[in-house]
Protein chains: 2
Amino acid sequence: MEGPAAPTPSALAALRPLPLDAVRLDPGGLLGGWQERNASATLPHCLDQLAAYGNLANLRRVTGDSDAKFAGMWFADTDVYKTLEAMAWETGRSGGSTEWMTDIAALLEKAQDADGYLNSYYQLDHRDEQWSDLGFSHEMYTAGHLIQAAVAAARTAGAPQLVTVARRFADLLVRRFGAGGEDLIDGHPEVETALVELYRLTGHAPYLSLAERFLTLRGHGLLGEGRFGPRYWQDHTPLIDADEATGHAVRQMYLLAGAVDVAVETGKTALLAAAERLWESALAGKTYLTGGMGSRHKDEGFGDNYELSPDRAYAETCAAIGSFQLAWRLLLATGKARYADEMERVLYNGIAGSTARDGRSFFYSNPLQLRTGHDGSHEDTPSQRLTWYSCACCPPNLARLMASLQAYAATGQEKGIQLHLYSAATVTAGAYRLGVRTSYPWDERIDITVEAAGDGPWTLALRVPAWCQDARLTVNGSLVRAGVQEGYLRITRSWKAGDVVTLLLAMPARLVAAHPRVDAVRASAALTRGPVVYCLEHADLPAGVEFEDWELDASAPLSVGEHELAPAIHASFRPRPESSDALYQPLAAHPAGETAGETAVTAPAIPYFLWANRAPGPMRVWIPLAARET
Amino acid sequence: MEGPAAPTPSALAALRPLPLDAVRLDPGGLLGGWQERNASATLPHCLDQLAAYGNLANLRRVTGDSDAKFAGMWFADTDVYKTLEAMAWETGRSGGSTEWMTDIAALLEKAQDADGYLNSYYQLDHRDEQWSDLGFSHEMYTAGHLIQAAVAAARTAGAPQLVTVARRFADLLVRRFGAGGEDLIDGHPEVETALVELYRLTGHAPYLSLAERFLTLRGHGLLGEGRFGPRYWQDHTPLIDADEATGHAVRQMYLLAGAVDVAVETGKTALLAAAERLWESALAGKTYLTGGMGSRHKDEGFGDNYELSPDRAYAETCAAIGSFQLAWRLLLATGKARYADEMERVLYNGIAGSTARDGRSFFYSNPLQLRTGHDGSHEDTPSQRLTWYSCACCPPNLARLMASLQAYAATGQEKGIQLHLYSAATVTAGAYRLGVRTSYPWDERIDITVEAAGDGPWTLALRVPAWCQDARLTVNGSLVRAGVQEGYLRITRSWKAGDVVTLLLAMPARLVAAHPRVDAVRASAALTRGPVVYCLEHADLPAGVEFEDWELDASAPLSVGEHELAPAIHASFRPRPESSDALYQPLAAHPAGETAGETAVTAPAIPYFLWANRAPGPMRVWIPLAARET
């Protein structure tokens, strides 16, 4: 049973995914808890919303079983497909009913045109517009999500008949847009990675060729100017020549994911190099501390280097998911720990922050600051998570990621297991089995018990995150003086059942500064601990001083303490010295008068991903630094 | 000959405008130079662009004289009307040909429907959509600009037949939407102020009543949610209850301008109070240092209080013009100098910065920062001014303001003249005539010669801007110890021809800080002198250190010196101490190592309004402060 984006045996791969069922995340751990919440709350919520918002009725219109008006976005089918994919992974993870999936598969089969076309928006009222506006029609993007759902279903035996539907559509794409066909590409990448996955499932080479063809055609202006210019959809320069992540962040991430998939299956290493290069550029100047990407609301785009305002951070949930998926592919292809580091960062912050504790409401954009008096009246800038969106791409995208989360925790080959994401789990790889016990990321200790050891020596590789300055390893209580090599501690031995490996990843609370070119957070710091970014939320500060007037005393020690939501970082805050109400005023010759010492308070900062789970109010990740006493 | 927004004799008015021809700005002064450039470059450019971009052909389609496709935005007629208005004011200012205006008036008369309707978009292909989407159709907004053009033409005798056309349309609006008619309002305010102007011209009370009715109907959700929610078009709460400037900045400014017009003509002081209150809220937390308004690209909207990122400043040129027009109305109604102060600030910065030195290219949005490597490939975020825009609202709006600029410089009554904007000029009011000689805002000295004194005592009132800490006045060389009263120095005497008044408004170069809640410019300062905001532009710094790595040494003295573009502020800059390239890193326990003293340079900052007149490159108004040496 394979998981997402598992390369074929002949693909370039530094690491190999384990089967989908190799890792079982313990529901008592943070990641396993998220999976349980996804299964018990988010997925049922998605099914309800698809029914309530007309996504299913849209498809039933095509089969003549509904006379409702078309509802929602023109690519509303993708919400159904992403939910289908999530249900498929969930079936693979926990078993459970496949009834809904089977029903939907039958509906899709009935709705599909004889030639394979399937799109509830373009099959009825807009039939004459089919394939006429690929910049914005999302027809191939929609096909891509259908294909991904089908691949997941086939891998988990969730609703295998979906593959028939998906292949019919994919075959239509090959006939129409394959070699010798029309030179067209979709404005929203997605079909590329989907086609490679379908190739991996079926072995049918034309799917892979079509994916490669789409990548090659991109960057030559085929899509025209559109509303935001060719950089918006990465059509301004061929990918193999590009050197900067640009435009719509989700499009960029999905495009690069497809590029890695094609690269590893075809051996076209220039595509892999391009993906690494653009990933690097995004991380170097266009990524929020949370791993979120996309600084602009207008075009959901990256913006310039260092343009990273926390208040207007768009940081779309889907971009964070795309970043995670890209990093996973790059990790498999290269084995470099930095990609797993990024998976961890974006998972615990940019992705996790999108979902409410109850799993039933979500952020689409994920700001790093909300001011007192924020106008949250519109869904573009809500003050709290919403149960659904007019463009509901994110919730089912979260569902499909969470339902398959265990697939990303470890990799393995014949002679080794590599652990990338730490959470309480059981990992089975061939003859080996590991029991992982930990409260990570709240606790630095990870205990790994070898439950089945197999024969002969093999290597256990444990990722040491780049944020960790002090990693200690013991085996059966004895300190092992292994050096961290390229992000991993590796221990090779003939393991015995009952061996216990303990990894201590020191995770002191820490103050983080941004590069001085990030103007928006100058003279401010953020609090982090381990992979988790923290934030200051209104409810944790004493009344009497307005939220925006607190400053962080960087000279006071930080400590970790209890909080109703999660382990918190306790830091010292001081009210800013009083100043004029004027919006602009002469620069004071000297810093304003010092605040009386007795007004300083110690207050908890909470994990960013848990903000907005109490009464609505202001929040900030980047906290102004109190002037240093001199 | 009346100028823009001149109240009727019975209106509430603390100050009275002078006739349009009372002030003649000297072309050698800055304001007069702008007027000349407008006449010689911007207006001909607008005429060319209206022809080239199809705006005129759109109207000729309606008359059957063109078979071109409709071109541009659905409200493209407004570009014609604003240009017409500009041409009318220019006729009033300098005489000159009215041929183009007469031709267009004839075209409009021919294009107008029998019932008075006129809109080239909705008269042909979209006739069945008339009045069906007032949220976004801009039909009344378009009518409003037609009316304003007609009023200007009537006042200057530019093309008086336009009034016939405008009244036919206005009468249609009265029949359809007046008392007892449909309860509808336009999503984009503009018709309100236009209707009051038409009432002022014609004395026809139903126009005033309709304007008041539109204001009363607004705020009750008639426009629905639209794309951005009801706050976008200020339909979320009745104006008389509103307490915060919200939504689309141009809409907010135009709405408040209309509210003041209605208030002063009807005596409904609650509307005036609302306009003052909302203006206050905008100035207190939602206005850039340049006077620009609107922090968000997505909805061209204000955003939250203190959300004032310089890089993503939208600060639309039309919003700055709207702010100027609103402040003018508030000045007349209340006589408060703060409104004239704001006219001055936004004129010299937010408005002036939009236009290139040659008067033929323009900014639509006016950022306060452009980074090295900025992507200026799209018209939403260009690196330099563009000759035209797909939505070309701003250039002709500039033209109509500049063509009437002299109208805003002074006011007068029987016993006095009030000077608000200083530039070389001749001011004639009844029996009095003043000759103003000054190089303001480059020089602090303003010499005013009484050229005709009339009989008996009268009062000369001279505005002392709030930025000025030291104003000195002499009359015929003798120091006058008059106190500044509510923003004005007032001298009452029996003037004699030849009397010379000299006002010295000390204007040292100054460092300005923003309120600490403006997170985006923390630990930075801006340079100003008098009313002019300065900026640092790439071309004025030595090579070898990248633009973003310069910091301002606030401890070094500032001086004013020559520069090819304008008097510059010379300040001291130091390269930032070298730091890691990492986007995020642990906060240093102590500030980074000091920069060697010898690397500091003195470099000129130029007036913000002159940026982007050399090779494209980075610019910033807010400059990071070098760490203070301790």
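Predicted, not measured: the structure shown is a model, and the values here were computed from it.

**Brief notes about the relation of the copies chain A and chain B**
Here's step 1: Between chain A and chain B, the superposition needs a rotation of 180° and an axial shift of 0.0 Å, giving an RMSD of 0.0 Å. Within this description, the copies of the chain are treated as partners about a two-fold rotation axis.
Here's step 2: Same-surface contact between copies: 100% of interface residues of chain A are shared with the interface of chain B.

**Considerations on the packing of helix α8 (residues 191-202) of chain A against helix α10 (residues 249-266) of chain A**
Residue and element names in this part refer to chain A.
Here's step 1: Interhelical geometry of α8 versus α10 gives an angle of 35° and a closest axis separation of 7 Å. Between α8 and α10 lies a crossing of left-handed hand. Residues Glu192, Thr193, Val196, Tyr199 and Arg200 of α8 touch α10, and the partners they reach there are Ala257, Gly258, Asp261, Val262, Val264 and Glu265.
Here's step 2: Class assignment for the residues of the contact of α8 with α10 results in five nonpolar, two polar and four charged.

**A closer look at the pattern of salt bridges**
Here's step 1: Scanning the model with the defined rule gives 79 salt bridges over all chains in all.
Here's step 2: Close ionic contact of Glu197 of chain A with Arg155 of chain A constitutes a salt bridge, the shortest N to O distance being 2.8 Å. Here Glu197 of chain A, found in helix α8, pairs with Arg155 of chain A, found in helix α6 (residues 139-156); they are 42 residues apart in sequence, far enough to count as distant.
Here's step 3: Judged by its relative accessible area of 8%, Arg155 of chain A is buried.
Here's step 4: Notably, a salt bridge pairs Arg433 of chain B with Glu451 of chain B, separated by 3.1 Å at the nearest N-O pair. One end of the pair, Arg433 of chain B, is in strand β6 (residues 432-438); the other, Glu451 of chain B, is in strand β7 (residues 445-453), with 18 residues separating them in the sequence.
Here's step 5: Connected through salt bridges with shared partners, the residues Arg155, Glu197, Arg200, Asp261, Glu265 and Arg329 of chain A form a single ionic network.

**A look at the packing of aromatic side chains**
All names here are of chain A.
Here's step 1: The final tally for this structure, using the stated rule, is 55 aromatic pairs over all chains.
Here's step 2: Residues Phe70 and Tyr121 carry aromatic rings whose centres are separated by 5.0 Å and whose planes lie at 75° to one another, so their mutual orientation is edge-to-face. Remark: Tyr121 occurs in the loop between α4 (99-111) and α5 (134-137) and Phe70 occurs in the loop between α2 (55-62) and α3 (77-94); sequence separation between them is 51 residues. One exposure class covers both Phe70 and Tyr121, and it is buried.
Here's step 3: With a centroid separation of 4.6 Å and an interplanar angle of 65°, the aromatic rings of Trp279 and Tyr339 are classed as edge-to-face. With a gap of 60 residues between them, Trp279 in helix α11 (residues 269-285) and Tyr339 in helix α13 (residues 337-351) connect regions that are remote in the sequence. As far as the burial class goes, Trp279 and Tyr339 line up, both buried.
Here's step 4: Cluster of aromatic residues (ring-pair linked, three or more members): Trp34, Tyr348, Tyr422, Tyr440, Trp442 and Phe609.
Here's step 5: A cation over a ring is seen here: Arg227 above Phe136, with NZ or CZ 4.1 Å from the ring centre.

**Quick word on unusual backbone geometry**
Here's step 1: In this chain, Tyr440 of chain A is followed by Pro441 of chain A through a cis amide linkage whose omega measures 5°.
Here's step 2: On the secondary structure map, Pro441 of chain A appears in the loop between β6 (432-438) and β7 (445-453).
Here's step 3: The phi angle at Ala157 of chain A is positive, at roughly 55°, despite the residue not being glycine.
Here's step 4: Residue position: Ala157 of chain A is located in the loop between α6 and α7 (161-177).
Here's step 5: The backbone of Asn476 of chain B sits at a positive phi, close to 50°, despite the residue not being glycine.
Here's step 6: If you trace the backbone, Asn476 of chain B turns up in the loop between β9 (471-475) and β10 (478-480).

**Digging into the environment of Val601 of chain A**
Residues and elements named next belong to chain A.
Here's step 1: Position of Val601 among the secondary structure elements: in strand β20 (residues 601-607).
Here's step 2: In the structure, Val601 is positioned 495 residues away from Ala106 in sequence and 61 Å away in space, judged by C-alpha atoms.
Here's step 3: When neighbours within four sequence positions are excluded, Val601 is seen to be in contact with Pro542, Trp550, Ala571, Ser572 and Phe573.

**Concerning the interface of chain A and chain B**
Here's step 1: Listed as interface residues are 70 residues of chain A and, on the opposing side, 70 residues of chain B.
Here's step 2: Summing the contributions of chain A and of chain B, the shared interface buries around 5,400 Å²; its carbon and sulfur component is 50%.
Here's step 3: It is Leu583, Tyr584 and Leu587 of chain A in chain A that bury the most area against chain B; as a group they hold 15% of the surface buried on that side.
Here's step 4: Counting across the interface, chain A meets chain B through 14 salt bridges.
Here's step 5: Notably, a salt bridge pairs Arg312 of chain A with Glu307 of chain B, separated by 3.9 Å at the nearest N-O pair.
Here's step 6: Summed over the shared surface of chain A and chain B, the result is 33 residue pairs in polar contact (both at pLDDT 80 or more).
Here's step 7: Every element with two or more residues in the side of chain A that touches chain B is listed here: α11, β13 (509-514), β14 (524-529) and β19 (584-586) of chain A.
Here's step 8: Here the side of chain A that touches chain B gets four residues from one element, more than from any other, and that element is β13 of chain A.
Here's step 9: Split into classes, the residues belonging to the side of chain A that touches chain B amount to 28 nonpolar, 19 polar and 23 charged.
Here's step 10: Note that β13 of chain A and strand β19 (residues 584-586) of chain B share three bridges and pair antiparallel. Across the sheet, the residue bridging to Val512 of chain A is Pro586 of chain B, located in β19 of chain B.

**Some remarks on helix α8 (residues 205-217) of chain B**
All names here are of chain B.
Here's step 1: Taking 1.5 Å as the rise per residue, α8 with 13 residues should run 18 Å; its terminal C-alpha atoms sit 18 Å apart, in good agreement.
Here's step 2: Tyr207, Leu208, Leu210, Ala211, Glu212, Arg213, Phe214, Leu215 and Leu217 are the residues of α8 that are buried.
Here's step 3: Here the buried face of α8 lies against α5 (139-156), α6 (161-177), α7 (191-202), α9 (249-266) and α10 (269-285).

**Some thoughts on helix α11 (residues 317-334) of chain B**
All names here are of chain B.
Here's step 1: The end-to-end C-alpha distance of α11, which contains 18 residues, comes to 26 Å, matching closely the 26 Å that a straight helix rising 1.5 Å per residue would cover.
Here's step 2: Among the 18 residues that make up α11, 17 are buried, leaving the element largely enclosed by the rest of the structure.
Here's step 3: Positive backbone phi, at 75°, marks Gly335, one or two positions downstream of α11.

**Details of the side chain of Thr381 of chain B**
Here's step 1: By the element assignment, Thr381 of chain B lies in the loop between β2 (369-370) and α13 (394-403).
Here's step 2: Here Thr381 of chain B falls in the buried class, since its relative accessible area comes to 11%.
Here's step 3: Apart from the residues lying within four places of it in its own chain, the contact partners of Thr381 of chain B are Arg296 of chain A together with His297, Arg312, His374, Asp375 and Gly376 of chain B.

The rules we used
Residues numbered from 1 in each chain as written. Chains lettered and ligands numbered in written order. Predicted model: local features only at pLDDT ≥ 70, side-chain atom pairs only at ≥ 80, totals over all residues. Heavy atoms only, no water. Least-squares fit on C-alpha atoms with pLDDT ≥ 70 in both. Contact = heavy atoms within 4.5 Å. Axes fitted to C-alpha atoms, helices over the stretch in contact; angles between N-to-C directions. Helix = DSSP H or I, 4+ residues; strand = E, 2+ residues; numbered from the N terminus. Left-handed = near helix turned anticlockwise from the far one by under 90°. Nonpolar A, V, L, I, M, F, W, Y, C, P; charged D, E, K, R; others polar. Salt bridge = Lys/Arg side-chain N within 4 Å of Asp/Glu carboxyl O. Buried < 20%, exposed > 50% of the residue type's maximum accessible area, 1.4 Å probe, protein only. Phe/Tyr/Trp six-rings, centres within 6.5 Å; stacked < 30°, edge-to-face > 60°. Lys NZ or Arg CZ within 6 Å of the ring centre and 35° of its normal. Buried area = accessible area lost by both parts, 1.4 Å probe. Polar contact = N/O pair within 3.5 Å; in protein donor to acceptor, adjacent residues only side chain to side chain. Pairing = 2+ DSSP bridges. Expected span 1.5 Å × (residues − 1).

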